[in-house]
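# Descriptive analysis of the structure
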Amino acid sequence: MVVSKLRDPPGRASEQLADRDAVVWHELECGGYRADLPLWHELAAAAAPDGPILDVGAGSGRVALDLARAGHEVTALDLDERLLRALAGRIGSLPLQTVNADARSFELARRDYALCIAPMQTVQLLGGTDGRIAFLRCARRHLRRGGLLACAILGELEPFDCRDGGPAPAPERTRVDGRLYLSQALRVELTRRSVVLERERTVAGGTAARAPERDVIELDRLTATRLRREGREAGLSPLPTRSVSATDQHVASSVVVLRA
């Protein structure tokens, strides 16, 4: 008797490839950033030497894994299940757990976090003032008395547009399973309320080659002063704002620190 091997249906294979691509793009465009890690470790050592940390917008674990490897107990929260699945496969015996939830409405069992962090531009992806205040109130409910909330916001970007073939920054690239992934920044546009970032994503390499795709992200324009004011409205007390210096590839950022 001949028994055929079970195979995933074509739709499932495409879904798995799309999920993997989502992780690759996230890590290519965000995962190499390390300039902020010393500050998160400093805040963790000061606020959470023996208490848990909540990482909001954790993605595939850029910061959460680094803190867990240093011995901190970390909860990594993100809305994207694909990124959390990638993170879950890397945890091993580290003191780290994942939670799939919206930053504006999460409800966790524990309410004793010593530190909550929102790295990179997470707080600028929440849909304006109402979304940010909803997040700030959520975070406050989950912090122990005196716990800290630290939110990074993007520094000023220089606008440019090279969609018509003008000079462009060098693309970010990585090779995974024989496929070459290229992420090319095409445009930064500043409006009164938002920062628009546009990239062209290309996959090359044999049968894996695909037509380039455009990815557009719109961030809320936000100042440290405004976020501190929103923090007060959410019942938090502002502390001195910290900063992360620019690198050759990344602009500087401010980190607004609030106390519960």
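Residues numbered from 1 in each chain as written. Predicted model: local features only at pLDDT ≥ 70, side-chain atom pairs only at ≥ 80, totals over all residues. Heavy atoms only, no water.

### Brief notes about unusual backbone geometry
Unlike most non-glycine residues, Met120 shows phi in positive territory, near 50°. Note that Met120 resides in the loop between strand 4 (113–118) and helix 5 (129–142). Using a relative accessible area of 22% as the deciding quantity, one classes Met120 as partly exposed. Of note in the backbone geometry, Asp177 takes a positive phi value of approximately 50° without being a glycine. With respect to the helices, strands and loops of the structure, Asp177 is situated in the loop between strand 7 (172–176) and strand 8 (179–190). In this structure Asp177 comes out as exposed when scored by relative accessible area, which is 60%. (Helix = DSSP H or I, 4+ residues; strand = E, 2+ residues; numbered from the N terminus. Buried < 20%, exposed > 50% of the residue type's maximum accessible area, 1.4 Å probe, protein only.)

### Topic: the pattern of salt bridges
For the coordinates displayed, the defined rule picks out 25 salt bridges. Measuring nitrogen to oxygen at the nearest pair gives 2.9 Å for the salt bridge that ties Arg242 to Glu42. With Arg242 in strand 12 (residues 242–244) and Glu42 in helix 2 (residues 37–47), this residue pair connects regions lying 200 residues apart in the sequence. Classification of Arg242 as partly exposed rests on a relative accessible area of 30%. (Salt bridge = Lys/Arg side-chain N within 4 Å of Asp/Glu carboxyl O.)

### Quick notes on the nonpolar core
Trp40, Leu67, Leu96, Leu115 and Val255 are the most contacted members of the largest nonpolar core, which has 29 residues in total. Among the elements of the structure, helix 2, helix 3 (62–69), strand 2 (74–78), helix 4 (81–88), strand 4, strand 5 (143–154) and strand 13 (253–259) are those that each provide at least two residues to this core. Ignoring anything within four residues of it in the chain, the contact list for Leu115 reads Leu43, Ala44, Ala47, Ala48, Pro52, Ile53, Leu54, Leu143 and Leu148. Grouped together as the second largest cluster of nonpolar side chains are 28 residues, Val99, Ala103, Leu136 and Leu236 included. (Core = buried A, V, L, I, M, F, W, Y, C linked by side-chain atoms within 4.5 Å. Contact = heavy atoms within 4.5 Å.)

### What to know about helix 3
Most of helix 3 is tucked away, with seven of its eight residues classed as buried. Among the residues of helix 3, those classed as buried are Arg62, Val63, Ala64, Leu65, Asp66, Leu67 and Ala68. Positive phi shows up at Gly71, right after helix 3, with a value of about 100°.

### Let's talk about the side chain of Arg201
For Arg201, the position within the fold is in strand 9 (residues 194–204). With a relative accessible area of 18%, Arg201 lands in the buried category. Here the side chain of Arg201 touches Glu29 through a polar contact of 2.9 Å, side chain to side chain. When near neighbours in sequence (up to four residues on either side) are disregarded, Arg201 contacts Trp25, Glu29, Leu182, Pro212, Glu213 and Asp215. (Polar contact = N/O pair within 3.5 Å; in protein donor to acceptor, adjacent residues only side chain to side chain.)

### Thoughts on the environment of Arg163
Inspection of the secondary structure puts Arg163 in the loop between strand 6 (160–161) and strand 7. Here the alpha-carbon distance between Arg163 and Arg187, two residues 24 residues apart in the chain, equals 7.0 Å. Ignoring sequence-local partners within four residues, the contact set of Arg163 consists of Leu186, Arg187, Glu198 and Arg214. At 2.5 Å, the side chain of Arg163 forms a polar contact with the side chain of Asp161.

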